[in-house]
Structure formats: C-alpha cells, structure tokens
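# Descriptive analysis of the structure
Residue-level listing of the chains:
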Amino acid sequence: MNRGKDASEGKGSLEPRERGTDFEVPYARENIQKCMCSQCPVQSDSKCAQDKLESSKKAMEKMSGEKVPDPRDVPGLYCSTDKATCQDLNPDRKCICNTCEVWKEYNLGEGKPSQYFCMNGKAT
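Remember, it's a predicted structure, so these values are computed and weren't measured experimentally.

## Things to note about the state of the cysteines
One pass over the full model with this rule turns up one disulfide. Between the sulfur of Cys48 and that of Cys86 lies a disulfide, 2.1 Å long from S to S. Every disulfide takes its handedness from the sign of the S-S torsion; for Cys48 and Cys86 that torsion is -75 degrees, giving left-handed. Of this pair, Cys48 sits in helix α3 (residues 47-62) while Cys86 sits in the loop between α4 (78-81) and α5 (101-105); the two residues are 38 residues apart in sequence, bridging distant segments of the chain. Classification of Cys48 by relative accessible area gives partly exposed; the value is 26%. Classification of Cys86 as buried rests on a relative accessible area of 6%.

Laid out in structure tokens, this is it:
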C-alpha cells in the first residue's frame with residue numbers, strides 16, 4: 001500500500017509512505033516550505049546556494065496558490081528534484097538531512113542515498 005501523496009493530486013497534506021515503497025518526494029510548495037536544505041552547513045558557505053535562496057524566496061512570495069519556482073532555482077528539496085546545481089557546496093561539512101520533516105515523513109533514511117541528497121541525487 002502506497003500512502004504517499006501522488007504529485008498529480010494537487011492540494012492536501014502529504015502522508016508518510018510505508019517502509020519498503022518508492023521514496024518519490026513531490027516537488028511541491030508544501031515540501032519546499034518544510035525543507036531544511038537552506039540551513040544546511042553543506043550549503044552555508046555557497047554563494048550560489050545563498051543567492052538562489054534569496055531569489056527563490058522572493059519568487060515564491062509573488063507566486064499564487066501551489067505554483068513553485070523551477071527546481072534549478074531552488075537551493076533545496078534535492079530529495080525530490082535531483083542533485084544540486086551549485087558547484088560550490090562543501091561536502092566535508094555535516095549535513096542535516098535527518099532533521100528535516102520531509103526526510104522524516106518519507107522515511108528517507110531507509111532509501112538510497114540516505115544523506116547528502118544535494119550531492120548524491122534524489123531519493124528513489
């Protein structure tokens with residue numbers, strides 16, 4: 001039984017998926033708002049990530065409803081979108097994936113990769 005929210009369903013809360021299912025995380029406003037990537041030490045010294053954070057926040061303030069910026073313009077939710085586009089991240093810093101509500105809701109510690117989604121790609 002797959003209890004995760006289908007990305008095509010639109011509005012509504014996302015439910016955690018059961019262990020052993022696919023870990024597709026919808027790229028949705030609700031998940032972007034819960035995402036901890038912008039606070040991650042891996043990104044903290046990245047000029048690219050900080051610039052994208054500022055511009056994506058401004059863009060989301062202007063967008064209505066469930067609209068979201070292009071994933072390449074958002075410094076986060078890599079568990080959904082793929083690897084980070086910024087090349088100046090510091091993978092030697094400790095990531096905080098396991099502190100994120102999205103990580104917890106989708107049991108991402110059970111999938112691969114289990115940490116450093118920004119460097120290793122989305123959770124599948």
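## Section: the pattern of salt bridges
Scanning all chains against the criterion turns up eight salt bridges. With a closest N to O distance of 2.7 Å, Glu105 and Lys34 form a salt bridge. Of this pair, Glu105 sits in helix α5 while Lys34 sits in helix α1 (residues 29-34), and the two are 71 residues apart along the sequence. Residues Glu101 and Lys104 are paired through a salt bridge, measuring 3.6 Å at the closest nitrogen-oxygen approach. Residue Glu101 and its partner Lys104 are located together in helix α5, separated by three residues, close to a single helical turn. Owing to a relative accessible area of 42%, Lys104 belongs among the partly exposed residues under this scheme.

About the thresholds
- Residues numbered from 1 in each chain as written.
- Predicted model: local features only at pLDDT ≥ 70, side-chain atom pairs only at ≥ 80, totals over all residues.
- Heavy atoms only, no water.
- Disulfide = S-S within 2.5 Å.
- Helix = DSSP H or I, 4+ residues; strand = E, 2+ residues; numbered from the N terminus.
- Buried < 20%, exposed > 50% of the residue type's maximum accessible area, 1.4 Å probe, protein only.
- Salt bridge = Lys/Arg side-chain N within 4 Å of Asp/Glu carboxyl O.

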